[in-house]
Structures are given as structure tokens and as C-alpha cells.
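Coordinates in review
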Protein chains: 2
Amino acid sequence: MSSSVTDQTGGTDRGDDRADRAGSRREQILREAARLFASRGFHGVGVDEIGAAVGISGPGLYRHFPGKDAMLAELLVGISGRLLAEGRRRRAAAGDAGDTLDSLVRGHIDFALDDRPLITLHDRELDRLRDSDRKLVRQLQRQYVELWVEVVREVHPHVAEAQARAAVHAVFGLLNSTPHSAVPRGGAVPDRTAMADLLHRLALGAFSAVGGE
Amino acid sequence: MSSSVTDQTGGTDRGDDRADRAGSRREQILREAARLFASRGFHGVGVDEIGAAVGISGPGLYRHFPGKDAMLAELLVGISGRLLAEGRRRRAAAGDAGDTLDSLVRGHIDFALDDRPLITLHDRELDRLRDSDRKLVRQLQRQYVELWVEVVREVHPHVAEAQARAAVHAVFGLLNSTPHSAVPRGGAVPDRTAMADLLHRLALGAFSAVGGE
DNA sequence: GCGAGGTGTTAGTGGTCGTTAACGTCCGTT
DNA sequence: AACGGACGTTAACGACCACTAACACCTCGC
């Protein structure tokens, strides 16, 4: 696999992408693991495969993570936490409730378009976590949902809490649909900004219909 | 596991639910397999587990299916085919384009609420199929999507095809969100008809916003 | 009554996979 | 120049798992 002629075993080899950002190898592993987990499922991907994706082989991963579960855990805790943090930041920065909802939608769309594998994993492989990690992720997710529910009910005060929560879940499903809509036919897929704009309109359209006829 | 005192090996034992509908054992196996696959993933469920869920043990399943893959294939082909057939039936039965879209939404909601595990599998475990089965399922899915796209573009003629297709995928994500929204807190989840009504409003609200500001 | 077929059972097998063990190389520090 | 730690390697182990083999029971149609 290594490109050096002597093909010795250890060492840094060559810095494949050079100029690695902080935590290079770890981040690289997490990125590839997310991609693989999303496309073939947590149980459908072997550690050898993840290793191969970053240029090392199999058990070398255990120098960076205590186990396969730990990679998934870090991915899910990470995305849940970042979603919540960004959501809170946006609520604090926005003006009235309408602007806040608008900003929340845009923020979530950014995640959905930029981190598709993570968004996929986020509601698909949660059950594969250890109890403590699953509890943490669920707590972060719940806080994020409640944040949205509060804002939705400020914009539409006559909507019951249960209805608002169900609507928020439904809109999440809408916004997270991008992983499924890739590669339709000859290649006539909207580009990023067009897709973001479309999703934004659809989400707000859905919310505006939440309050009965 | 069997409740008879002598606990002999073979035989029909007792008909657990009596009055079995047609293809009792097969259908029962498929139902339980769908539930298990949806909750823990195809690779996360063992054949012993599926067997235990229907009261037989492990390899007894091979009297009904040639393998574990075959169960998943039958489930996915079945749901895809039924979605498409019902969609076509509804388009033929409905009046103008607006009524047709309305009926399509209601029909999809029925599937989403009544066959949650299948809806979950439908866009989650597709890659685990043999090439021929996957091709078939994808073809059925594509035809179903195109059916919706045509109707959406009749209702909103100024919407480009790519936009309409992306919007249809997004609304599918919205309608299929029900599996994720179960068990929120103390139990304040909308009942079936309220949920169906809410999803219906949200979907039509989204579609009405698809055509620009 | 009695084979035949449908439907179970348990025991075993081959393969895959996550993880550990033992070892080697390179680099920065003293 | 020796050395410790970071980072890799290959080999092996133990668990799990889909699937097969061999055998048993129950229910029919004749």
C-alpha cells in the first residue's frame, strides 16, 4: 500500500495531504468512519476497511481509539453537541421569533448539506451505543428539539406542545432528506445554494401550515 | 420456550394466535423480521433472534426462506411494489391534480403510520440486497417518485423538474419521520388520526411553498 | 395403517470480525 | 549516541453467526 520502494513497515511514511490540521489522523479516521458507517451501516463495516480508507491497516486504529464503538460514540456525541451549540448560538443572536426560526432552519440545512454522513448516522445508529453514550446523545438531541419547539410555539402560539414537537420531528426528516436525494438521473441535481434555498422554503412552508386550516 | 409440559420437538404445537391469516408462518416471520431489522439493523439481528420472535429456533427459518437476505429482499420489494401500486390506483381514482396530490399524501401517510418498520427499512437497508433485487427495488422507488413529480408539476406548473424531484424526496423524509418521533416524554403523543392530519397539513404546506417566494 | 411431505429440533462447520500480543521503525529530547 | 514514546506492522485468538446435516414428529391422502 505504501508507495516507498523499500516498503518498510513503520514510520510516518509521507504526509499524504501535508499541512494536516489539528489532530490530523484522528480527524481523518473519524471522517472516513462516518462515511463508511453511513453508507453500509455500523455492523456492515469492518475495522480493516476503516483502516484501509486512511492508509493504515486494521488494528493500527487502536492507537487512536479504544475500539470501534468509541468512533461511533465520538461521531454521534460530536454532531449532537454541535447541533445544539449552534442552535443556541443562533437563538441568542437572532431578533424576533420569526427570525430565530429562520436562522435555525438555515443552520440545520448547513449541517445537513455539509455533514451528510453524520446526519445519516445521527438518527440511524443511535442504538449501537453503550448505555451512557446513548443517554448523552439522546439528551443533547432532546434539548435541541425542545429549543426548536419553543421557537415554533413563539411563532405559532396557538399550537399545542405535542403538535409542535411532532412538527419539528417531521421538519427534521424533511431537512435531513438530502442524503437520499443524491444522484437522481442524468445529473440534474440542484447545486448547493439552490438546494439550501429550496429546503428553506419547504421547511417554512410546512411550519406555516402547522396551525390547522 | 414451548408451553407444553412434555416439550416435544416437532409439530404444530398450539396455534398461538389461532385464526391465522393466509400464509401464517411466512407472514409472521416477515413481520417480526421487519420489526427487528428496523430497530437494530440488518446485520445487527441474528437468525436465532428472528426465530425466537416467532416461537421457533434458529435454523427452522430455512424451511420458509432460503436465507436471511431473502427475507429482507421480500420485505423491500413488497413495500416498494405496494407503494407504487397504491399510488397508481389513487392517481387513476382521483379528480384534478390537486385532489390527486392530496390523495397521494394520504396514501403515503397510511403506509408510514401502519408499516413503520417497513418504511424505515425502505431507505435504510437497500444496499444489503443482491444486485438484482436492489435494481428492482430502485426501479420501483424511482417510478413512485416520478409519479409524484408529475403530479406536483401539474399542481405547480412553473416548478422545474429537478426542484420538484428534490421537493418530493424532502416531503418523503417529512412523512417518513414518524418512526423517529415516537415516545417523546410523558406520553403526550398525538393519536393516529391527529398525527395523520398534522402530517397531511405539513406536507401540503411544504409543497405550496415549493414555487419560489 | 402407512409412506410422504411439511415443519420442527440439535449439533456442527466454515468464515468473518473485533480485539490483543509481540514486534519494529522513526523522531525529538537529553 | 542512547532512549522513550508515538505510530505502524503481522499473527493469532475467541466469539459470533449464517448456514448445513442428520434426525424426529405430526398430519394428510391412499
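This structure is a prediction, so every number in the text was calculated from the model and none was measured. (Residues numbered from 1 in each chain as written. Chains lettered and ligands numbered in written order. Predicted model: local features only at pLDDT ≥ 70, side-chain atom pairs only at ≥ 80, totals over all residues. Heavy atoms only, no water.)

1. Regarding the overall build of chain A
In terms of regular secondary structure, chain A is built from eight helices and zero strands. Listing each helix as α and each strand as β along chain A from the N terminus yields α-α-α-α-α-α-α-α. Classification of the 213 residues of chain A by burial places 46% in the buried group. Here the contacts in chain A between residues at least 6 apart in sequence split such that 70% fall between residues at least 24 apart. (Helix = DSSP H or I, 4+ residues; strand = E, 2+ residues; numbered from the N terminus. Buried < 20%, exposed > 50% of the residue type's maximum accessible area, 1.4 Å probe, protein only. Contact = heavy atoms within 4.5 Å.)

2. Digging into the packing of helix α4 (residues 97–114) of chain B against helix α8 (residues 192–208) of chain B
Residues and elements named next belong to chain B. Where α4 contacts α8, the two axes come as close as 10 Å, and the packing angle between them is 135 degrees. As far as their axial angle goes, α8 and α4 are oblique. Remark: the crossing between α4 and α8 carries right-handed chirality. Listed contacts from α8 to Leu101, Asp102, Val105, Arg106, Ile109, Asp110, Leu113 and Asp114 of α4 are Arg192, Met195, Ala196, Leu199, His200, Ala203, Leu204 and Phe207. For the contact of α4 with α8, the per-class residue count stands at ten nonpolar, one polar and five charged. (Axes fitted to C-alpha atoms, helices over the stretch in contact; angles between N-to-C directions. Parallel < 35°, antiparallel > 145°, perpendicular 65-115°, else oblique. Left-handed = near helix turned anticlockwise from the far one by under 90°. Nonpolar A, V, L, I, M, F, W, Y, C, P; charged D, E, K, R; others polar.)

3. Some points on the interface of chain A and chain B
Every contact between the two is made by 38 residues of chain A and, on the other side, 38 residues of chain B. Of the roughly 3200 Å² buried at the junction of chain A and chain B (both faces included), carbon and sulfur atoms supply 60%. Looking at the side of chain A facing chain B, the largest losses of area belong to A:Arg124, A:Arg201 and A:Leu202, adding up to 16% of the total buried there. Where chain A touches chain B, the interface holds zero salt bridges. Our enumeration of links across chain A and chain B arrives at six residue pairs in polar contact (both at pLDDT 80 or more). Going through the elements one at a time, α1 (24–40), α7 (161–175) and α8 (192–208) of chain A are the ones with two or more residues in the side of chain A that touches chain B. Tallied by class, the residues present in the side of chain A that touches chain B amount to 16 nonpolar, twelve polar and ten charged. (Buried area = accessible area lost by both parts, 1.4 Å probe. Salt bridge = Lys/Arg side-chain N within 4 Å of Asp/Glu carboxyl O. Polar contact = N/O pair within 3.5 Å; in protein donor to acceptor, adjacent residues only side chain to side chain.)

4. Things to note about the confidence of the model for chain A
Residue-level pLDDT values for chain A average 89, and 86% of them are 70 or greater. Counted against residues more than four places away or in other chains, residues 1–21 of chain A, with its pLDDT under 50, gives five contacts. (pLDDT = per-residue confidence, 0-100.)

5. A few points about the nonpolar core
Among the nonpolar cores identified, the biggest contains 120 residues, and A:Phe37, A:Ile50, A:Leu121, A:Trp148, B:Phe37, B:Ile50 and B:Trp148 are the most heavily contacted of them. In contact with B:Ile50, other than residues within four places in its own chain, are B:Ile29, B:Ala33, B:Leu36, B:Phe37, B:Val45, B:Leu61 and B:Met71. (Core = buried A, V, L, I, M, F, W, Y, C linked by side-chain atoms within 4.5 Å.)

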